[in-house]
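Below are the chains, spelled out letter by letter.
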Amino acid sequence: MIKIAALKKQYNSTEILKGIDLDIDKGKIFGIIGRSGAGKSTLLRCINGLEKYDSGYLEVNGIDIKKLNEKELRMFRRDVGMIFQHFSLITRASVYDNIAFPMQCWHYNKKEIDERVRYLIDVVGMYEKMNNLARDLSGGQKQRVAIARALSMNPKILLSDEATSALDPKNSESIMELLNNINKSMGITVVLVTHQMNVVKAICDDMAIIEDGIVKDKGIVEEIFINQPASLINILGDNKILLPSSGKNIEIMYKKDDSNNVIEKLIRKFNVNIIDFIMEDYKNCIIGKVIINVINNNDLKKVEEYLKSINIENYKVLGE
Ligand code: ADP
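Described in the following lines is the structure provided in the data block. (Residues numbered from 1 in each chain as written. Predicted model: local features only at pLDDT ≥ 70, side-chain atom pairs only at ≥ 80, totals over all residues. Heavy atoms only, no water.)

## Thoughts on helix H1 (residues 40–47)
Step number 1: For H1, the buried fraction is high: 6 of the 8 residues fall into the buried class.
Step number 2: Among all positions of H1, only Lys40, Thr42, Leu43, Leu44, Cys46 and Ile47 are buried.
Step number 3: Immediately beyond the C-terminal end of H1, within one or two residues, lies Gly49, with a positive phi of roughly 75°. (Buried < 20%, exposed > 50% of the residue type's maximum accessible area, 1.4 Å probe, protein only. Helix = DSSP H or I, 4+ residues; strand = E, 2+ residues; numbered from the N terminus.)

Written as structure tokens, this is what we have:
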């Protein structure tokens, strides 16, 4: 659906994108994360043709964006909806008019506009507020209207630039749920830039980590979080917990469906203490993360062998 190769972009002779390589599959929700200033928004603007790039290749829906003239670019951009952190609504216009606006610009007839707007207002759950002014809505409601407006031209791709970042946790969650439903029911590919890990974990299938203008790591969300590459640690920080100074400490991550009762098995078989344990919900699975303390150093090898025998490869001995 989206193919990006060796993409480069400069601002005022500073290279911001330094050779981005990324493939995004149709129908997926794809998360792009990275520190502030890494180039995420710039990349998103290149994908929807708002920003020109200097070199490399960028194909969206089978279209090589660089080859488009101004008119073709405008046509292309109808197929790409976009939502932003601060909604970008016309604050003095009604919910209805905000959603109708793109179609009015493209001279759709009134009946078509009315049908589509009413349908979308229903999809985003704003039917009751149809005639309210955008400025009188809460943040979560504004983002719902912005999503409906982004869908008005029936796009194949929805780009989201920090769409949940300005919302409180409850509204953020309901917007995530809405994006997830839209992706499922309409089959729209969603590419979202965020700095919120909970968003990536809850609704993304695949993800990429951008660091200093390049894609450092990419893949299936759960696998990236299980493998914990350095690029991810750079964003998350090394969440240090107080570890026992004697014995050996091992951090183990596993998919719940792979190996249930990992902890029980370890406790039954070995002389170990549980130092920390969390289970986290991801879009497609549950991941367990446990830190154990192997009381007797000599048991370390046996524990490692045992983990391998039950197909748990993602563990590390801390402090080594
Ligand atoms: P991110 O979304 O990862 O926070 P951005 O893509 O917004 O990063 O910005 C990457 C870098 O490019 C930043 O240093 C930013 O200041 C710079 N930048 C972004 N847009 C422009 C612009 N229009 N003109 C000049 N510099 C820009």
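Moving on from the model shown.
## Some words on the nonpolar core
Step number 1: One finds Ile99, Val117, Ile121, Ile147, Ile203, Met207 and Phe225 to be the most contacted residues of the largest nonpolar core, which totals 53 residues.
Step number 2: The dominant element in this core, judged by the number of residues it contributes, is helix H5 (residues 139–151), at 6 residues.
Step number 3: With residues up to four places along the chain from it excluded, the contact list for Ile203 reads Ile29, Met176, Leu179, Asn180, Leu192 and Lys283. (Core = buried A, V, L, I, M, F, W, Y, C linked by side-chain atoms within 4.5 Å. Contact = heavy atoms within 4.5 Å.)

## What to know about the pairing of strand S2 (residues 14–24)
Step number 1: Note: strand S1 (residues 2–11) against S2, 8 bridges, orientation antiparallel. Paired with Gln10 across the strands is Glu15, a residue of S2.
Step number 2: Between S1 and S2, which pair antiparallel and follow one another directly, the connecting turn spans 2 residues, one of which, Asn12, has a positive phi of 45°. (Pairing = 2+ DSSP bridges.)

## Observations concerning the sheet that holds strand S6 (residues 80–84)
Step number 1: Overall, mixed pairing links the 6 strands, which are arranged S6-S7-S8-S3-S9-S10 in an open sheet. Across the chains shown, the open sheet's two edge strands, defined by having one partner strand only, are S6 and strand S10 (214–220). Adjacent strand axes in the sheet meet at a mean angle of 15°, parallel and antiparallel pairs treated alike.
Step number 2: Sheet topology places S6 next to strand S7 (residues 157–161); 5 bridges connect them, and they run parallel. Looking at the pairing, Phe84 lines up with Asp161 of S7.
Step number 3: In the packing of H5 onto the sheet, the strands contacted are S6 and S7, and the crossing angle to S6 comes to about 165°. (Axes fitted to C-alpha atoms, helices over the stretch in contact; angles between N-to-C directions.)

## Description of unusual backbone geometry
Step number 1: Residue Asn154 is not a glycine yet carries a positive backbone phi of 60°.
Step number 2: In this structure, Asn154 sits in the loop between H5 and S7.
Step number 3: Residue Asn154 is classed as exposed on the basis of its relative accessible area of 52%.
Step number 4: Backbone geometry at Asp212 places phi at a positive 50°, although glycine is not the residue there.
Step number 5: Along the polypeptide, Asp212 turns up in the loop between strand S9 (206–211) and S10.

## Side note on the state of the cysteines
Step number 1: Inspection of the entire model under this criterion finds 0 disulfides.
Step number 2: You can see Cys204 has no disulfide; the closest cysteine sulfur is in Cys285, sitting 13 Å from it.
Step number 3: Given the relative accessible area of 1%, Cys204 is considered buried. (Disulfide = S-S within 2.5 Å.)

## Considerations on the packing of helix H3 (residues 95–105) against H5
Step number 1: Where H3 meets H5, the axes come as close as 7 Å, and the angle between the chain directions of the two elements is 25°. Classified by the angle their axes make, H3 and H5 are roughly parallel. Read as a crossing pair, H3 and H5 show a hand that is right-handed. Touching Val95, Asn98, Ile99 and Pro102 of H3 are Val145, Ala148 and Arg149, all from H5.
Step number 2: When its residues are assigned to classes, the contact of H3 with H5 shows 5 nonpolar, 1 polar and 1 charged. (Parallel < 35°, antiparallel > 145°, perpendicular 65-115°, else oblique. Left-handed = near helix turned anticlockwise from the far one by under 90°. Nonpolar A, V, L, I, M, F, W, Y, C, P; charged D, E, K, R; others polar.)

## Digging into the pattern of salt bridges
Step number 1: Throughout the structure, instances matching the rule amount to 15 salt bridges.
Step number 2: A salt bridge links Glu70 to Lys52, with the nearest nitrogen and oxygen atoms 3.9 Å apart. Placement of the pair is Glu70 in helix H2 (residues 70–78) and Lys52 in the loop between H1 and strand S4 (55–60), with a sequence separation of 18 residues.
Step number 3: We classify Glu70 as exposed; its relative accessible area is 55%.
Step number 4: Using a relative accessible area of 59% as the deciding quantity, one classes Lys52 as exposed.
Step number 5: As a salt-bridge pair, Lys216 and Glu211 come within 3.8 Å of each other at their nearest N and O atoms.
Step number 6: Looking at Glu211, the relative accessible area reads 22%, which means it is partly exposed.
Step number 7: A cluster of three or more residues bridged by salt bridges with shared partners is formed by Lys9, Arg45 and Glu51. (Salt bridge = Lys/Arg side-chain N within 4 Å of Asp/Glu carboxyl O.)

## Some details on a nonpolar patch on the surface
Step number 1: Where nonpolar side chains cluster on the molecular surface, the patch consists of Ile267, Ile274, Phe277, Met279 and Ile286 and spans about 380 Å² of accessible area.
Step number 2: Topologically, Ile274 is positioned in strand S12 (residues 272–281). (Patch = residues over 30% accessible without salt bridge, like charges linked within 9 Å, V, L, I, M, F, W, Y side chains within 5 Å. Areas by Shrake-Rupley, 256 points an atom, 1.4 Å probe, with all protein chains shown as cover.)

## Focus: the packing of aromatic side chains
Step number 1: The full count for this structure, using the stated rule, is 2 aromatic pairs.
Step number 2: With 5.6 Å between their ring centres and 65° between their planes, Phe225 and Tyr282 make a pair best called edge-to-face. Here the residue Phe225 occupies a position in helix H8 (residues 221–227), and Tyr282 occupies one in the loop between S12 and strand S13 (286–294), the gap between them amounting to 57 residues. An identical accessibility class is assigned to Phe225 and Tyr282; each is buried.
Step number 3: Over the aromatic face of Trp106 sits the side chain of Arg78, whose NZ or CZ is 4.5 Å from the ring centroid. (Phe/Tyr/Trp six-rings, centres within 6.5 Å; stacked < 30°, edge-to-face > 60°. Lys NZ or Arg CZ within 6 Å of the ring centre and 35° of its normal.)

In short, geometric facts, not functional conclusions.
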